[in-house]
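Read off the chains here:
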Amino acid sequence: MAEPIPEKPIPLAPKKVKFIVVHHSATPRDKTTFEAIKKYHTEVFKFWDIGYHWVILGDSTLKQGRSEEYIGAHAKGVNFESVGVCVVGNFEIEQPTRQQLETLELVLNQLMRKYGISPANVIGHRDVANTLCPGKNLYEWLKEWKKRQIVNNPNYLDEVINLLKEALKRLEEFKKSL
(Lines give C-alpha, C1' and ligand atoms only; values in the text may rest on other atoms or scores of the structure.)
Protein backbone atom coordinates (compact mmCIF):
# COMPACT_ATOMS: atom_id res chain seq x y z
CA MET A 1 0.00 0.00 0.00
CA ALA A 2 1.30 3.44 -0.91
CA GLU A 3 2.14 5.86 1.87
CA PRO A 4 -0.40 8.72 2.20
CA ILE A 5 0.61 11.99 0.60
CA PRO A 6 1.03 14.67 3.28
CA GLU A 7 -1.85 17.07 3.13
CA LYS A 8 -1.08 20.81 2.78
CA PRO A 9 -2.93 23.77 4.32
CA ILE A 10 -5.50 25.18 1.88
CA PRO A 11 -7.49 28.30 2.81
CA LEU A 12 -11.20 27.84 3.43
CA ALA A 13 -13.29 30.62 1.91
CA PRO A 14 -15.97 31.57 4.50
CA LYS A 15 -18.49 32.33 1.74
CA LYS A 16 -18.18 28.75 0.50
CA VAL A 17 -19.02 27.14 3.86
CA LYS A 18 -22.42 25.51 3.39
CA PHE A 19 -22.34 22.57 5.80
CA ILE A 20 -21.47 21.67 9.35
CA VAL A 21 -20.51 18.00 9.51
CA VAL A 22 -20.91 16.24 12.86
CA HIS A 23 -18.62 13.30 13.67
CA HIS A 24 -17.81 10.96 16.52
CA SER A 25 -14.28 9.83 17.26
CA ALA A 26 -15.34 6.13 17.35
CA THR A 27 -13.12 5.78 20.43
CA PRO A 28 -13.94 5.43 24.15
CA ARG A 29 -15.63 8.65 25.29
CA ASP A 30 -13.95 8.93 28.68
CA LYS A 31 -10.46 7.79 27.68
CA THR A 32 -9.75 9.63 24.43
CA THR A 33 -7.76 12.86 24.48
CA PHE A 34 -7.54 15.65 21.95
CA GLU A 35 -3.83 14.97 21.67
CA ALA A 36 -4.44 11.30 20.80
CA ILE A 37 -6.80 12.24 17.96
CA LYS A 38 -4.39 14.86 16.65
CA LYS A 39 -1.48 12.42 16.82
CA TYR A 40 -3.47 9.80 14.91
CA HIS A 41 -4.39 12.30 12.20
CA THR A 42 -0.87 13.66 11.81
CA GLU A 43 1.08 10.41 12.15
CA VAL A 44 -1.21 7.81 10.57
CA PHE A 45 -3.09 9.92 8.00
CA LYS A 46 -0.10 12.28 7.51
CA PHE A 47 -2.33 15.36 7.80
CA TRP A 48 -0.54 18.62 8.63
CA ASP A 49 -2.97 19.09 11.55
CA ILE A 50 -5.99 17.41 13.10
CA GLY A 51 -8.74 17.05 10.49
CA TYR A 52 -11.60 18.49 12.58
CA HIS A 53 -12.13 22.18 13.26
CA TRP A 54 -13.71 21.57 16.68
CA VAL A 55 -13.53 18.66 19.13
CA ILE A 56 -15.82 18.15 22.14
CA LEU A 57 -14.13 15.92 24.71
CA GLY A 58 -15.79 13.38 27.00
CA ASP A 59 -15.93 15.94 29.82
CA SER A 60 -17.58 18.40 27.36
CA THR A 61 -14.49 20.60 27.04
CA LEU A 62 -14.43 22.30 23.65
CA LYS A 63 -11.07 22.28 21.87
CA GLN A 64 -10.28 24.12 18.68
CA GLY A 65 -8.68 21.79 16.19
CA ARG A 66 -7.67 22.98 12.77
CA SER A 67 -8.26 26.68 12.29
CA GLU A 68 -11.47 27.52 10.43
CA GLU A 69 -9.23 29.51 8.10
CA TYR A 70 -8.26 26.21 6.48
CA ILE A 71 -10.12 23.40 4.75
CA GLY A 72 -10.65 20.46 7.09
CA ALA A 73 -9.90 16.80 6.49
CA HIS A 74 -12.99 15.17 7.94
CA ALA A 75 -15.54 14.47 5.17
CA LYS A 76 -14.12 13.73 1.74
CA GLY A 77 -16.07 15.51 -0.96
CA VAL A 78 -17.38 18.32 1.25
CA ASN A 79 -14.25 19.40 3.12
CA PHE A 80 -13.92 22.49 0.92
CA GLU A 81 -17.41 23.69 1.87
CA SER A 82 -17.80 22.58 5.48
CA VAL A 83 -16.68 22.88 9.07
CA GLY A 84 -16.12 19.63 10.97
CA VAL A 85 -17.16 19.09 14.60
CA CYS A 86 -16.17 15.88 16.38
CA VAL A 87 -17.75 14.67 19.60
CA VAL A 88 -15.45 12.23 21.40
CA GLY A 89 -16.98 8.81 21.94
CA ASN A 90 -18.12 5.71 20.11
CA PHE A 91 -21.79 6.52 19.73
CA GLU A 92 -22.62 3.23 18.10
CA ILE A 93 -22.22 1.64 21.56
CA GLU A 94 -22.31 4.49 24.09
CA GLN A 95 -24.32 7.66 24.62
CA PRO A 96 -22.99 11.20 24.46
CA THR A 97 -23.27 12.93 27.82
CA ARG A 98 -25.82 15.68 28.41
CA GLN A 99 -22.91 18.11 28.81
CA GLN A 100 -21.39 17.05 25.48
CA LEU A 101 -24.73 17.62 23.77
CA GLU A 102 -25.14 21.03 25.38
CA THR A 103 -21.68 22.02 24.15
CA LEU A 104 -22.46 20.63 20.69
CA GLU A 105 -25.68 22.64 20.54
CA LEU A 106 -23.82 25.84 21.46
CA VAL A 107 -21.15 25.18 18.82
CA LEU A 108 -23.72 24.36 16.12
CA ASN A 109 -25.72 27.51 16.85
CA GLN A 110 -22.58 29.66 16.81
CA LEU A 111 -21.34 28.17 13.52
CA MET A 112 -24.79 28.46 11.89
CA ARG A 113 -24.90 32.17 12.78
CA LYS A 114 -21.31 32.76 11.69
CA TYR A 115 -21.72 31.14 8.27
CA GLY A 116 -25.45 31.67 7.68
CA ILE A 117 -26.08 27.91 7.61
CA SER A 118 -29.58 26.46 7.86
CA PRO A 119 -30.26 23.56 10.24
CA ALA A 120 -30.95 21.51 7.09
CA ASN A 121 -27.24 21.76 6.32
CA VAL A 122 -26.07 20.51 9.71
CA ILE A 123 -25.39 16.91 8.80
CA GLY A 124 -23.88 13.73 10.10
CA HIS A 125 -20.79 12.36 8.38
CA ARG A 126 -22.92 9.39 7.22
CA ASP A 127 -25.00 11.81 5.13
CA VAL A 128 -22.04 12.33 2.77
CA ALA A 129 -20.04 9.10 3.13
CA ASN A 130 -20.45 5.37 3.52
CA THR A 131 -19.84 5.32 7.28
CA LEU A 132 -21.67 4.83 10.58
CA CYS A 133 -20.28 8.16 11.81
CA PRO A 134 -21.43 9.97 13.97
CA GLY A 135 -22.79 6.76 15.47
CA LYS A 136 -26.47 5.86 15.77
CA ASN A 137 -26.95 7.49 19.19
CA LEU A 138 -25.51 10.88 18.23
CA TYR A 139 -27.18 10.74 14.81
CA GLU A 140 -30.60 10.24 16.46
CA TRP A 141 -29.95 13.24 18.70
CA LEU A 142 -28.93 15.28 15.64
CA LYS A 143 -32.18 14.41 13.83
CA GLU A 144 -34.23 15.44 16.89
CA TRP A 145 -32.21 18.65 17.28
CA LYS A 146 -32.91 19.55 13.66
CA LYS A 147 -36.66 19.00 14.21
CA ARG A 148 -36.54 21.39 17.20
CA GLN A 149 -34.78 23.98 15.05
CA ILE A 150 -37.54 23.76 12.46
CA VAL A 151 -40.27 24.25 15.06
CA ASN A 152 -38.42 27.23 16.56
CA ASN A 153 -37.61 28.86 13.21
CA PRO A 154 -40.64 30.16 11.30
CA ASN A 155 -38.37 30.98 8.31
CA TYR A 156 -37.06 27.43 8.00
CA LEU A 157 -39.23 26.44 5.04
CA ASP A 158 -38.20 29.60 3.19
CA GLU A 159 -34.56 28.65 3.81
CA VAL A 160 -35.15 25.14 2.44
CA ILE A 161 -36.90 26.54 -0.63
CA ASN A 162 -33.97 28.89 -1.28
CA LEU A 163 -31.51 26.00 -0.95
CA LEU A 164 -33.54 23.96 -3.44
CA LYS A 165 -33.66 26.90 -5.87
CA GLU A 166 -29.88 27.22 -5.61
CA ALA A 167 -29.45 23.49 -6.27
CA LEU A 168 -31.75 23.68 -9.31
CA LYS A 169 -29.80 26.64 -10.63
CA ARG A 170 -26.55 24.68 -10.32
CA LEU A 171 -28.11 21.71 -12.12
CA GLU A 172 -29.26 23.97 -14.95
CA GLU A 173 -25.77 25.46 -15.25
CA PHE A 174 -24.26 21.99 -15.29
CA LYS A 175 -26.79 20.86 -17.93
CA LYS A 176 -25.85 23.82 -20.17
CA SER A 177 -22.16 22.95 -19.86
CA LEU A 178 -22.73 19.46 -21.33
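Residues numbered from 1 in each chain as written. Predicted model: local features only at pLDDT ≥ 70, side-chain atom pairs only at ≥ 80, totals over all residues. Heavy atoms only, no water.

Enquirer: Could you give an account of a nonpolar patch on the surface, with specific residues and numbers?
Expert: A cluster of nonpolar side chains, contributed by Tyr40, Val44 and Phe45, occupies part of the molecular surface with about 280 Å² of accessible area. Considering the arrangement of structural elements, one finds Val44 in helix 1 (residues 34–44). The partly exposed category is assigned to Val44, whose relative accessible area is 41%. (Patch = residues over 30% accessible without salt bridge, like charges linked within 9 Å, V, L, I, M, F, W, Y side chains within 5 Å. Areas by Shrake-Rupley, 256 points an atom, 1.4 Å probe, with all protein chains shown as cover. Salt bridge = Lys/Arg side-chain N within 4 Å of Asp/Glu carboxyl O. Helix = DSSP H or I, 4+ residues; strand = E, 2+ residues; numbered from the N terminus. Buried < 20%, exposed > 50% of the residue type's maximum accessible area, 1.4 Å probe, protein only.)

Enquirer: So what's going on with the packing of aromatic side chains? Which residues, and what values?
Expert: Taken as a whole and assessed by the stated rule, the structure comprises four aromatic pairs. Here Phe45 and Phe47 contribute two aromatic rings whose centre-to-centre distance is 5.3 Å and whose plane-to-plane angle is 35°, an arrangement assigned as tilted. Residue Phe45 is classed as partly exposed on the basis of its relative accessible area of 35%. Aromatic pair Trp141 and Trp145: ring centres 6.2 Å apart, planes at 20°, arrangement stacked. Placement of both Trp141 and Trp145 in helix 3 (residues 136–152) is noted, with a separation of four residues, approximately one turn of the helix. The class of Trp141 is buried, set by a relative accessible area of 15%. Each member of the aromatic cluster is reached from another via a ring pair, and the members are Tyr40, Phe45 and Phe47. The ring of Tyr139 carries Arg126 above its face, with NZ or CZ at 4.5 Å from the centroid. (Phe/Tyr/Trp six-rings, centres within 6.5 Å; stacked < 30°, edge-to-face > 60°. Lys NZ or Arg CZ within 6 Å of the ring centre and 35° of its normal.)

Enquirer: Can you tell me about the pattern of salt bridges, naming the residues and giving the values?
Expert: One pass over the full model with this rule turns up seven salt bridges. Taking the shortest distance from any N to any O, the salt bridge between Glu102 and Arg98 comes out at 2.7 Å. With Glu102 and Arg98 both in helix 2 (residues 98–115), this residue pair falls four residues apart, about one helical turn. Note that Glu140 and Lys143 form a salt bridge whose closest N and O atoms lie 2.9 Å from each other. One end of the pair, Glu140, and the other, Lys143, are both in helix 3, three residues apart, so they sit about a helical turn from each other.

Enquirer: Describe the sheet that holds strand 1 (residues 19–24), naming the residues involved and giving the relevant values.
Expert: One open sheet accounts for five strands, arranged 3-2-4-1-5; its pairing is mixed. The open sheet has two free edges, formed respectively by strand 3 (62–64) and strand 5 (122–124), since each of these has just one partner strand. Averaged over all pairs of adjacent strands, the angle between strand axes in this sheet comes to 25°, irrespective of strand direction. Where strand 2 (residues 54–56) and strand 3 come together, three bridges link them in antiparallel fashion. Residue Ile56 lies in a different strand from strand 3, and its bridge partner there is Leu62. Contacting strand 1, strand 2, strand 3, strand 4 (82–87) and strand 5, helix 2 crosses the sheet at an angle of about 175° to strand 4. (Pairing = 2+ DSSP bridges. Axes fitted to C-alpha atoms, helices over the stretch in contact; angles between N-to-C directions. Contact = heavy atoms within 4.5 Å.)

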